[in-house]
Amino acid sequence: MPAHFIRTSSVATTRYDRPLVRNRPAERRTRFTFFARAFCVTRIRQEHDQQGIVASSQSSRLAVALVLCASLIISLTGCDKSGERKPHSTPTRNVSPHTEWRSYLGDTASNQYSPLASINRDNVEQLEEAWRYDPGDADDYGTLIPTNPLIVNGILYGLSARKNLFALDASNGKELWVYPFDQPHIGKGSGRGLVYWQGRSQTGEKTAWILVGLGHELFAVDALRGTRVEEFGDGGVVDLRKGLDRPIDEVNLSVIAPGTLYGNLLIQGFGTSEFYDAAPGYIRAYHLPTGDLRWTFRTIPRAGDYGADSWPDKNRSQFGGANSWAGITVDEQRGIAYVPTGSAAYDYYGANRLGDNLFANSLVALDASTGQRLWHYQIVRHDLWDRDLPTPPNLVTITRDGERIPAVSQATKSGHLFLFHRDTGEPLFPIEEIRVTGSGAPGNQPADTQPLPTLPPPFANQQFEVSQVRTQSTAYISTLIEGMATNQPFHAPDEQGLVMFPGLDGGAQWGGQAYDASSDLLFINTNEVPWYFRMVPHTTGKGTPYSIEFAYLHYCGGCHGADRQGNGDIFPSLQNIGDRFWPWQVWDIIRHGRGRMPAFANEPWYFMLGPLLYLYAAGDNEIAERSASGEVAGYLTDGFNTLTDEYGLPGSRPPWGSLVAVDLNRARLAWKVPLGDYPQARDLGLSGLGAENYGGPVVTAGGLVFIGATPDQKFRAFDKNSGALLWETDLPAAGFATPAVYQASGKQFVVIAAGGGKLGQPSGSAYVAYALPQTEGSTPSP
């Protein structure tokens, strides 16, 4: 057994014992073969020299046997003389796609459902760890593993903490190959999933690829060998910055969710900046196997196109955002791609983009073959609150008056669920217009109203009340938000500030929702944590460049203030910081955190240089003079802050996170339970209050809903009908990812990435799979 593969009782753990080498098993086998052959030759020569005879001696026969054994090992383990891995035998097996997890979130409908039922309500409490794969590549800078893995033909494909692509035997977690991208901080939240494509190469041969989006590049890797596919794009890579009507060196984007297949087209979105330099969020379709661009849908219309009149004519070529970072859902039977889009940039101040800004914050139905718009619904007009559509829509069915209606559901950050007819876009429940309050920061012209559905009821709490969990915390929080607008869902951001509830991360978030067609229940994990911010003026004139002032306000201003004076001992003053710390000391605090201050390890290093330069380059007197001069060029937020008390607990009444079942036929909540706990709450003797959560649920035919997502490092199973907790276990790190369910070697597994690195939790690097124990005398089916 290879040294890096260790089995302890029924648990297999895989670790790296040296720097990563692609196809290391092949390399080890090549070296073994070389030494075996060298030993054989040496023994034969010794026999010849000592006894004058040939290989007919006993030792020579032993040497020949060793050579034959080595050759047999090579043939059985899939390597030729060069050490290159031959195609693994597992993918040739005829495995039902319904028993595996072949698409991101389970299928192109994004429904996070498995028809497997071997693990069910009656036996789920017997679940135990079946295997663990841990490459040990998490680092001190807060790496994440948000990956929902794929399982195809008995092979599990995933991304490690350093974004290295790997393939495992899905039945035992044994490593088959690794392709090293080694890009742990390529982009915030990147690497949430992969694409498996099977078809014919440009030469007509059958082939299977894994498509990986990292940064602005889309890679193709052979699914069997773990090698780059040179025929795809330009040497195996497609540069997604091309084709966005901008000079390529001015485009800033990063793939977050994987694209979605429709036949031989890969329909791809991306994430971009929330600032003024954001790329336009066009939706593109790429042909496989060539990687050629086949169609483009411009989410920011060109002059003369439909929706162009919802933007100003001035500076049209500079508008950005309206991108689809959450993932795209495809109805393969209808040939429709359902695309959720995000905000137009800059997200919180829209004086430069007056109008409704189509197709930002919209659910857009496109002809999957051509990219032609079929229908759309704009869920937020002229967004000033960063209310991106945060999750792929679900393809669901609603029964009404005995008729089955094909529907598409879209969950939102505000905690609402919109449902539309898949073919026409007609809302299936009434939608009311909610008046926007306030006029916002000077220069803004908010929309008059915003749409919200009347049914189903919101799945997240809508009423903000200051936490009363600890009496002293209540007074602290009330002081912190004094004068701010509360309980106004669409209050235009201004200098007085506002409390957003649910906060900027939802409500719903990127982990997706699970749909069970047998009961028409939709399962949603929701955040119920308040955020708060103010708008502050950006001044012109001599002094600090705009970009680093923005960076300071974005990352630091919410706690330490635009004037850097801070707030007593909790948020210390940063004025004259150069008298107390060297720049490299401050850099270390920024990256790793200290005390109450979180680490900003997940942000690219060049983003974090801005606050550092601002602290040391901008004189306090100069900032005061420019602010007093009234030369205001625009407005920025003073940061993005969760409203928390002295203990780091949310400033609203619990629950702070919930798991919810929505009955789509009756348009009601079937049940709602708190989800998870904060470790700091448990330290105070508090539990059952819920917690902020990231990653989504999966539902199975066994009547179970599996979910990690919480900072207490738990992995749980709930009864889908009642919400009762049936099983939970401890993960090696928090499982901020959506799990996958599959069958391998006749056995059902559920697997989740335990990457931590969020909500103050340490980073991890493991994938952990669970299964029922093997009963004595039973043998899994082949």
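Here we take up helix 6 (residues 605-617). Taking 1.5 Å of rise per residue, the 13 residues of helix 6 would be expected to cover 18 Å, and the 18 Å separating its terminal C-alpha atoms lies within 8% of that figure. Among the residues making up helix 6, those that are buried are Met608, Gly610, Pro611, Leu612, Tyr614 and Leu615.

The next point concerns the sheet that holds strand 39 (residues 714-719). Pairing within the open sheet is mixed, and its five strands lie in the order 3-37-38-39-40. The sheet terminates laterally at strand 3 (113-114) and strand 40 (725-730), the two strands that pair on one side only. Judged from the two bridges that link them, strand 37 (residues 698-700) and strand 38 (residues 704-707) form a sheet pairing that is antiparallel. Across the sheet, the residue bridging to valine 699 is valine 705, located in strand 38.

Attention now goes to a nonpolar patch on the surface. Among the surface-exposed residues, Trp605, Tyr606, Leu609 and Leu613 lie close enough to one another that they form a single nonpolar patch of about 430 Å² accessible area. With respect to the element layout, tryptophan 605 can be found in helix 6. Residue classification places tryptophan 605 among the exposed positions, given a relative accessible area of 52%.

This brings us to the nonpolar core. Nonpolar side chains in soluble globular proteins generally cluster together in the buried interior. The biggest cluster of nonpolar side chains holds 56 residues, and the ones touching the most others in it are Tyr338 and Trp385. Per element, the largest residue contribution to this core is six residues, and it comes from helix 4 (residues 546-560). Residues contacting tyrosine 338, with those up to four places away along its chain left out, are Ile328, Thr329, Asp331, Leu363, Val364, Ala365, Trp375, Pro393, Leu395, Val408 and Arg422. If you look at the next biggest cluster of nonpolar residues, it comprises 42 residues, including Trp101, Leu127, Ile145 and Phe706.

Note that threonine 526 resides in strand 30 (residues 521-527). Once residues within four sequence positions are removed from consideration, threonine 526 is found in contact with Phe459, Ala460, Gly507, Ala508, Gly657, Ser658, Val660 and Asn693.

Among the seven residues of strand 35 (residues 657-663), seven are classified as buried, and the element is accordingly described as predominantly covered. Taking every second residue as pointing to the same face, both faces of strand 35 are buried, with Gly657, Leu659, Ala661 and Asp663 on one and Ser658, Val660 and Val662 on the other. In terms of strand pairing, strand 30 meets strand 35 through seven bridges, oriented antiparallel. Bridge pairing in strand 35 places threonine 526 opposite serine 658. Strand direction decides the pairing type here: strand 35 and strand 36 (residues 668-674), joined by six bridges, are antiparallel. Following the sheet pairing, valine 660 is matched in strand 36 by lysine 672. Between the end of strand 35 and the start of strand 36, which pair antiparallel, lie four residues, with alanine 667 showing a positive phi angle near 55 degrees.

Moving on to the layout of surface pockets. Reported here for the second largest pocket is a volume of approximately 810 Å³. In terms of lining residues, the second largest pocket is bounded by 36 residues, among which Ser103, Gly106, Asp107, Thr108 and Glu332 are the most central. Among the elements that take part in the lining of the second largest pocket, strand 9 (residues 195-200) stands out by supplying four residues, more than any other. In the lining of the second largest pocket, the residues fall into 18 nonpolar, 13 polar and five charged.

Along helix 3 (residues 471-480), the residues classified as buried are Ser473, Tyr476, Ile477 and Leu480. Projection of helix 3 onto a plane perpendicular to its axis shows the buried side chains occupying an angular sector of 95 degrees, all on one side. Of the residues in helix 3, the exposed ones pointing more than 90 degrees away from the buried face are Thr471 and Thr479. Taken together, the buried residues of helix 3 touch strand 31 (531-533).

Okay, the packing of aromatic side chains next. Tallying each qualifying case throughout the model produces 32 aromatic pairs. Geometrically, the ring pair formed by tyrosine 377 and phenylalanine 420 is tilted, given 5.1 Å between the ring centres and 40 degrees between the ring planes. Taken together, the positions of tyrosine 377 in strand 22 (residues 373-378) and phenylalanine 420 in strand 25 (residues 417-421) put the pair 43 residues apart, joining distant regions of the chain. Taking the centre distance of 5.1 Å and the plane angle of 5 degrees together, the rings of tryptophan 582 and tryptophan 584 count as stacked. Like tryptophan 582, the residue tryptophan 584 is exposed in the burial classification. Taken together, the aromatic side chains of Tyr338, Trp375, Tyr377, Phe418 and Phe420 make up a single cluster linked through ring pairs. The ring centre of phenylalanine 429 lies 4.9 Å from the NZ or CZ of arginine 400, which sits over that ring. One cation-aromatic arrangement involves lysine 758 over tyrosine 694; the distance from NZ or CZ to the ring centre is 4.5 Å.

Along the chain, asparagine 148 turns up in the loop between strand 4 (128-133) and strand 5 (150-152). For asparagine 148, the side chain forms a polar contact with the main-chain oxygen of proline 739, separated by 2.9 Å. With residues near it in sequence (within four places) discarded, asparagine 148 still touches Trp101, Ser103, Tyr104, Leu105, Gly106, Arg192, Gly193, Thr738, Pro739 and Ala740.

Cut-offs applied
- The residue count restarts for each chain, going from 1 along the sequence in the order it is written.
- Residues qualify for local features only when their pLDDT is at least 70, as the model is predicted, and side-chain atom pairs are given and counted only at 80 or more; totals for whole chains, interfaces and linings, by contrast, use all residues.
- Each side-chain value is worked out from all heavy atoms of the structure, with water and hydrogens disregarded.
- Strands here mean DSSP runs of E at least two residues long; helices mean DSSP runs of H or I at least four residues long; both are numbered from the N terminus.
- Residue count minus one, scaled by 1.5 Å, sets the expected span of a helix.
- Exposure classes here rest on a 1.4 Å probe applied to the protein chains alone. A residue is buried below 20% of its type maximum, exposed above 50%, and partly exposed in between.
- Strands qualify as paired when DSSP identifies two bridges or more between them.
- Patches draw on residues past 30% relative accessible area with no salt bridge. Two like charges within 9 Å are joined, as are two nonpolar side chains (Val, Leu, Ile, Met, Phe, Trp, Tyr) within 5 Å.
- Exposure was quantified through the Shrake-Rupley algorithm and a 1.4 Å probe, taking into account, for residues, occlusion by the shown protein chains and nothing else.
- Definition used for salt bridges: Asp or Glu carboxyl oxygen within 4 Å of a side-chain nitrogen of Lys or Arg.
- Here, nonpolar core means buried Ala, Val, Leu, Ile, Met, Phe, Trp, Tyr and Cys residues that are tied together by side-chain atoms lying within 4.5 Å of each other.
- Note on definitions: a residue-residue contact is assigned when non-hydrogen atoms from the two residues lie within 4.5 Å.
- Cavity: a set of points on a 1 Å grid over the protein atoms alone where a 1.4 Å probe fits but cannot get out. Pocket: an open set with protein on both sides within 12 Å along at least five of seven lines, its lining residues, like those of a cavity, having an atom within 4 Å of a point.
- Grid points are joined across faces, edges and corners, and a volume is the space filled by probe spheres set on the points.
- Residue classes follow a fixed rule: Ala, Val, Leu, Ile, Met, Phe, Trp, Tyr, Cys and Pro count as nonpolar, while Asp, Glu, Lys and Arg count as charged, and any other residue, Gly among them, counts as polar.
- As used here, the arc is the angular range of directions from the helix axis to the C-beta atoms.
- Aromatic contacts are taken between Phe, Tyr and Trp rings whose centres are within 6.5 Å, Trp giving its six-membered ring; a plane angle under 30 degrees counts as stacked, one over 60 as edge-to-face, and the others as tilted.
- The rule for a charge over a ring is simple: NZ of Lys or CZ of Arg within 6 Å of the ring centre, and within 35 degrees of the ring normal.
- In protein, a polar contact requires one atom able to donate a hydrogen and another able to accept it; more generally it is a pair of N or O atoms within 3.5 Å, and residues adjacent in sequence count only if both atoms are side-chain atoms.

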